[in-house]
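Chain and residue survey
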Amino acid sequence: MPFREINSKMVEATVAPGQKLFSQRGAMLAYRGDVSFTPNMQGGQGGLMSMIGRRLANEATPLMTVEGTGTVMFGHGGHHIQVIGLSGDTLCVEADRLLAFDGTLQQGTLFLGSQGGVMGMVRGQVSGQGLFTTTLKGHGSVAVMAHGGVVELPITPQRPVHVDPQAYVAHHGDVRNKLSTALGWRDMVGRGSGEAFQLELSGSGAVYVQASEEKL
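Owing to the predicted nature of the structure, the values given are computational and were not obtained by experimental measurement.

**Focus on the overall build of the protein chain**
A count of helices and strands for the protein chain gives three helices and 13 strands. Here the protein chain holds 216 residues, and the buried ones make up 49% of them. At a minimum sequence separation of 6, the contacts of the protein chain that also span at least 24 residues come to 81%. When the accessible surface of the protein chain is split by element, carbon and sulfur atoms take 52% of a total near 9900 Å².

**Describing the pattern of salt bridges**
Taken as a whole and assessed by the stated rule, the structure comprises three salt bridges. A salt bridge links Arg-32 to Glu-12; the nearest nitrogen and oxygen atoms lie 2.8 Å apart. One end of the pair, Arg-32, is in strand 4 (residues 28-40); the other, Glu-12, is in strand 2 (residues 10-15), with 20 residues separating them in the sequence. A salt bridge links Lys-20 to Glu-67; the nearest nitrogen and oxygen atoms lie 3.9 Å apart. One end of the pair, Lys-20, is in strand 3 (residues 20-24); the other, Glu-67, is in strand 5 (residues 63-74), and 47 residues separate them in sequence. Judged by relative accessible area, Lys-20 falls into the partly exposed class, the value being 33%. The structure contains a network of salt bridges with shared partners spanning Arg-4, Glu-12 and Arg-32.

**Structural notes on the environment of Ala-95**
In this structure, Ala-95 sits in the loop between strand 6 (80-94) and strand 7 (98-102). Take Ala-95: its relative accessible area is 2%, and that puts it in the buried class. Sequence separation of Ala-95 and Thr-109 is 14 residues, and the distance between their C-alpha atoms is 9.1 Å.

**Description of the packing of aromatic side chains**
Applying the stated criterion to the full structure yields three aromatic pairs. Between Phe-3 and Phe-74, the ring centres sit 6.4 Å apart and the planes meet at 75 degrees, which makes this aromatic pair edge-to-face. Residue Phe-3 is located in the segment before strand 1 (4-7), and its partner Phe-74 is located in strand 5; the two are separated by 71 residues in the primary sequence. By relative accessible area, which is 8% here, Phe-3 ends up buried. With centroids separated by 5.3 Å and ring planes inclined at 55 degrees, the aromatic side chains of Tyr-31 and Phe-37 adopt a geometry described as tilted. Tyr-31 sits in the partly exposed class, given a relative accessible area of 39%. A relative accessible area of 25% means that Phe-37 is categorised as partly exposed.

**Let's talk about the confidence of the model for the protein chain**
Mean pLDDT for the protein chain: 79, with 70% of residues reaching 70 or above. Across the protein chain, the element-wise mean pLDDT spans from 43 in helix 2 (residues 119-127) up to 96 in strand 2. Below pLDDT 50 for its whole length, residues 46-60 participates in 30 contacts with residues either more than four positions away or in separate chains.

**A short note on the pairing of strand 13 (residues 197-210)**
Each regular strand shows side chains that alternate between the opposite faces of the sheet. Bridging between strand 10 (residues 150-155) and strand 13 involves six bridges; their strand directions are antiparallel. Bridging across to strand 13, Leu-153 finds its partner in Val-207. With three bridges joining them, strand 11 (residues 161-163) and strand 13 adopt antiparallel strand pairing. Each bridged residue has a counterpart across the sheet, and for Val-163 the counterpart in strand 13 is Leu-199.

**Considerations on the environment of Thr-156**
Mapped onto the elements, Thr-156 comes out in the loop between strand 10 and strand 11. Sequence-wise, Thr-156 and Ser-202 are 46 residues apart; in three dimensions their C-alpha atoms are separated by 6.9 Å.

**Looking at the environment of His-147**
Tracing the backbone through its elements, the reader meets His-147 in the loop between strand 9 (132-146) and strand 10. The sequence separation of His-147 and Ala-167 amounts to 20 residues, and the corresponding C-alpha distance is 8.9 Å.

About the cut-offs
Residues numbered from 1 in each chain as written. Predicted model: local features only at pLDDT ≥ 70, side-chain atom pairs only at ≥ 80, totals over all residues. Heavy atoms only, no water. Helix = DSSP H or I, 4+ residues; strand = E, 2+ residues; numbered from the N terminus. Buried < 20%, exposed > 50% of the residue type's maximum accessible area, 1.4 Å probe, protein only. Contact = heavy atoms within 4.5 Å. Areas by Shrake-Rupley, 256 points an atom, 1.4 Å probe, with all protein chains shown as cover. Salt bridge = Lys/Arg side-chain N within 4 Å of Asp/Glu carboxyl O. Phe/Tyr/Trp six-rings, centres within 6.5 Å; stacked < 30°, edge-to-face > 60°. pLDDT = per-residue confidence, 0-100. Pairing = 2+ DSSP bridges.

Here you go:
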């Protein structure tokens, strides 16, 4: 059930009987046909742990389950939308940047600090970003939101990529993440993020970076 990009800020998806989509609350712009929208308090396919992960990432609203027969247009806040296709691999994406995704994808959560030690905790306290990202695995499409457009940067074993945590949108592939500080502890006092923190992504895959550090 791929999303069709209408323009840089709107996508359209076809809903068919026996299939479902999940979307962020308030993402529906318009629809045609017999389509229903129901709050999903269980966190979609991921169940309770998926919901916990999103709540710890400051996503206070439940996902909406979209079912029926017709087409639905999605967008949110005038943000840029990037459609990412999955072919059995796993996508890690900031929970608040998820716009909509296929209901066939398996959901989970990833603690970004799990591979970066204590700096993962520092990220949540100082940078203002969530500690958890949502993981989506399987075959299907995902529509994510960002400020000012998105660029996809390849990650290779010979060339890791360093990203400002506030510019990070998502990544996929066989990738390890490590959060570190580029400044001393005294220098970090009073700083939100920027160059104070760097998210290093190494391995094989790609990372999606937004053009603006503004939070959604």
